[in-house]
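Structure assessment
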Amino acid sequence: MEHVVVAALNGLVVGASLALVAAGLALLFGVLGILNFAQGDFFMLGAYVVYFAVAGGLSFWLGVVAAGLVVGVVGGLGLMLMLWPLRERAHALVLLATLGLSLILEQLATNRFGADAKPMAAPIGARLAIGGTEYPVYDLLVVGAAIVILAGGYVFLRYVKYGIWLRAVAQNQRMASVLGVPVSRVYALAFVVSLGLAAVAGSLLAPLTSVYPTVGLDVNLNAFIVVIAGGLGNFRGAALLALVLGVVESLGSIVIPGQAVQLLVFALVILLLIVRSQRQQVLARL
Amino acid sequence: MLELRELHSFYGRSHVIQGISLRVGRGEGVGLIGHNGVGKTTTLKSIMGTGPRTRGRIVLEDRDLRGPAHARARRGLGFVPDSEAVFPEMTVEENIRTGAMLKRRGDHKRCLDTAYELFPVLAERRHQLGGTLSGGQQKMLSLARGLALEPRLIMVDEPSEGLMPINVDLIATALRRAVDSGIGVLVVDASFQLLKTVCSRVYVMKQGRITGEHELDDFATAERLVETYLREGS
C-alpha cells in the first residue's frame, strides 16, 4: 500500500513539472505554431539559475522567481528574435532552428559548467506522514506550486486582457490585429511565458533531479508526447494530460519493470490520439 | 474623413488595384459595387493593412494611415471581413471583449451593452462559442463587435451574403444607425435593399479601377442599379 501511495505521489511530482513544460510548449504552438525543440534546455537553464542563485547566497524561492524571470524574459525575447525572420518561412526551418539552439545550449552548458550532475538540497527537509509512509514536504510543495501556477495560467487566459488576446491571436491572428490587438507584443508575451514556465519547472525540480546539461532532455521528450496527445496548442489538455501520464507511468512502474513502463505510456497516448482523431477536434484551443 | 488617393495594390507582380481614389465623409454611408474579382475586398484589405503591398495615399481624418492593422484600428478604423471574422473557440462575450479591452475598463460594459442592444440575440447567446453560432449570427457578432468599438469609420465586406431577408434588415438597420451617429461606413455588398438603407453614394469598380460614382437616389429600383453596374462594371 505504501508503494502505491509513494508511486502516486511521485507521479504527481513528475506530472506537475511536466505539465509546466508542456503547457509552455502548447502555448507557443497555439499562438505561433512553433514547436520548440529547445524547451527542455530552458528547463535546464532554469535549474542552473536556481543552483547558482542558491550558491550565491540567495534564498531558493527567490532563485525560482529569478529563474522564471531571467530565462523567460532574456530567453523568450532572444528566441523570438532568432525565430522572427523565419515566421513566414517553412515550418521545417523553425524546427531545425530550435533543434540547433538546443544542441548549442547543451554544449555551452557542458563547456561552462561541466557535464557532472550538481546535487542540490531541497529548501525544506521535513517529511509528512501520508498513507502509512513519510513523504518529503518539498515534493508536495512542487505539486502545489505547479497546480497554482497552471490554475493561474488558466485564469489569466480566460479573464485577463493579455490572456484573452493570446487566445484571440491563437485562433485568428488577422482578426485580432484588425480589432487593434498588438499582435507582436502578444507574440513576445507567448515566448516569455512559455520559456518562463519551463524555467520555473526546471528550478523547482532541481533538488529532485540534480542539475546537469541534459537534464531537460527526458522532460522535453515527454512534454512533446503530452502536447501532441493533449491536442497541439491546447493549454488545458496538455496540463491535465501531463498530470495523468505522470501518475500512470509512476503507478505502472510498480507492476511493469524498468523502461517497459514507457510502453504503457505510449499505449495510452496512441489511444488518446485515436479518440482525438475520431472527434476531429480543432487545433489552437487554449 | 477617409480618402484614397491613387491607391495601387500588388500581389507579387500582379497589379490588382490600379490607382483608385474615393472618399467617405463623416456620418456617410458609401457603397462599393462591382462583379466578383474586380478588387472590392482587396481594396478594403489594403485600407486596413491586412492585404497586399500598396502604393498611394490612404488618409483618415487628414492624417496618412500607415503601419500594421492594429495601429490603423487604434486610429479609429474598423473592418468586418466577409468570412472567418469571429474567434470560434471564444464565447460571444469574449469575442466582443477582445476589442473592447483596448478601451478603459469602465468602457468595457458599454461596448457589450451596445453590441447586445444592436442584436439582442447575441445577449441570449453570450456564453455560446462563436464557432457554434449560425452564419447569420456570426455576421451579427462580427458587426456588433466592430460597431461597439465606436470606430470613426467602419468597412464592412459582404454583410448580407447568404443571409435571410430578415437578417439583412437587421444588419442594414444597424449600419444605418452607425451612419446616423456620425460613423463613416464603406460597405461592399450586392444587396440593393442594404445599400439603399445605408448608403447615399456608390462607387462602381471594374478590373481594379473605379469606373463610376453615383448617388443612390439616382436608382429607384434594384434593376436600375444592376443595369448601371453591368454597364460600367463589365
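Heads up: the structure comes first, above all this text.
So, here's what we can say about the structure. (Residues numbered from 1 in each chain as written. Chains lettered and ligands numbered in written order. Predicted model: local features only at pLDDT ≥ 70, side-chain atom pairs only at ≥ 80, totals over all residues. Heavy atoms only, no water.)

We now examine the sheet that holds strand 1 (residues 2-11) of chain B. Residue and element names in this part refer to chain B. The 4 strands lie next to each other as 2-1-4-5, forming an open sheet whose pairing is antiparallel. The sheet terminates laterally at strand 2 (14-24) and strand 5 (63-64), the two strands that pair on one side only. Judged from the 7 bridges that link them, strand 1 and strand 4 (residues 53-60) form a sheet pairing that is antiparallel. Within strand 4, the position partnered with L4 by the bridge is I58. Relative to strand 1, helix 1 (residues 40-48) is tilted by about 105°, and along the sheet it contacts strand 1, strand 2 and strand 4. (Pairing = 2+ DSSP bridges. Helix = DSSP H or I, 4+ residues; strand = E, 2+ residues; numbered from the N terminus. Contact = heavy atoms within 4.5 Å. Axes fitted to C-alpha atoms, helices over the stretch in contact; angles between N-to-C directions.)

With that settled, the discussion passes to the sheet that holds strand 6 (residues 77-80) of chain B. All names here are of chain B. The strand order 6-7-8-3-9-10 describes an open sheet built from 6 strands, whose pairing is mixed. Only two strands of the sheet have a single partner each, and these edge strands are strand 6 and strand 10 (209-215). Within this sheet the neighbouring strands show an average axis-to-axis angle of 20°, counted without direction. The pairing of strand 3 (residues 29-33) with strand 9 (residues 201-206) spans 4 bridges and is parallel. Bridging across to strand 9, I33 finds its partner in V204.

Here we take up helix 2 (residues 39-55) of chain A. Residue and element names in this part refer to chain A. Between its first and last C-alpha, helix 2 extends 25 Å over 17 residues, near the 24 Å set by a 1.5 Å rise per residue. Looking at the buried side of helix 2, the elements it contacts are helix 1 (2-32), helix 3 (60-83), helix 4 (91-113), helix 8 (183-209) and helix 9 (215-230). Backbone geometry just after helix 2 places G57 at a positive phi near 100°. (Expected span 1.5 Å × (residues − 1).)

Right, let's get into the environment of L141 of chain B. Residue and element names in this part refer to chain B. Positionally, L141 belongs in helix 6 (residues 135-148). Classification of L141 as buried rests on a relative accessible area of 0%. For the pair formed by L141 and N95, sequence separation is 46 residues and the distance between their alpha carbons is 8.0 Å. Once you skip the residues sitting within four places of it in the chain, L141 turns out to touch V86, V92, N95, I96, L122, G130 and L133. (Buried < 20%, exposed > 50% of the residue type's maximum accessible area, 1.4 Å probe, protein only.)

The next subject is unusual backbone geometry. Residue and element names in this part refer to chain B. Notably, D62 is not glycine yet its phi reads approximately 70°, a positive angle. Position of D62 relative to the elements: it lies in the loop between strand 4 and strand 5. Among the residues examined, D62 registers a relative accessible area of 76% and is labelled exposed. Backbone geometry at Q207 places phi at a positive 45°, although glycine is not the residue there. You can see Q207 is positioned in the loop between strand 9 and strand 10.

Residues and elements named next belong to chain B. The end-to-end C-alpha distance of helix 6 is 20 Å, a good match for the 20 Å that 14 residues give at a rise of 1.5 Å each. Among the 14 residues that make up helix 6, 12 are buried, leaving the element largely enclosed by the rest of the structure. Of all the positions in helix 6, only G136, Q137, K139, M140, L141, S142, L143, A144, R145, G146, L147 and A148 are classed as buried. At the C-terminal side of helix 6, E150 shows a positive phi close to 50°.

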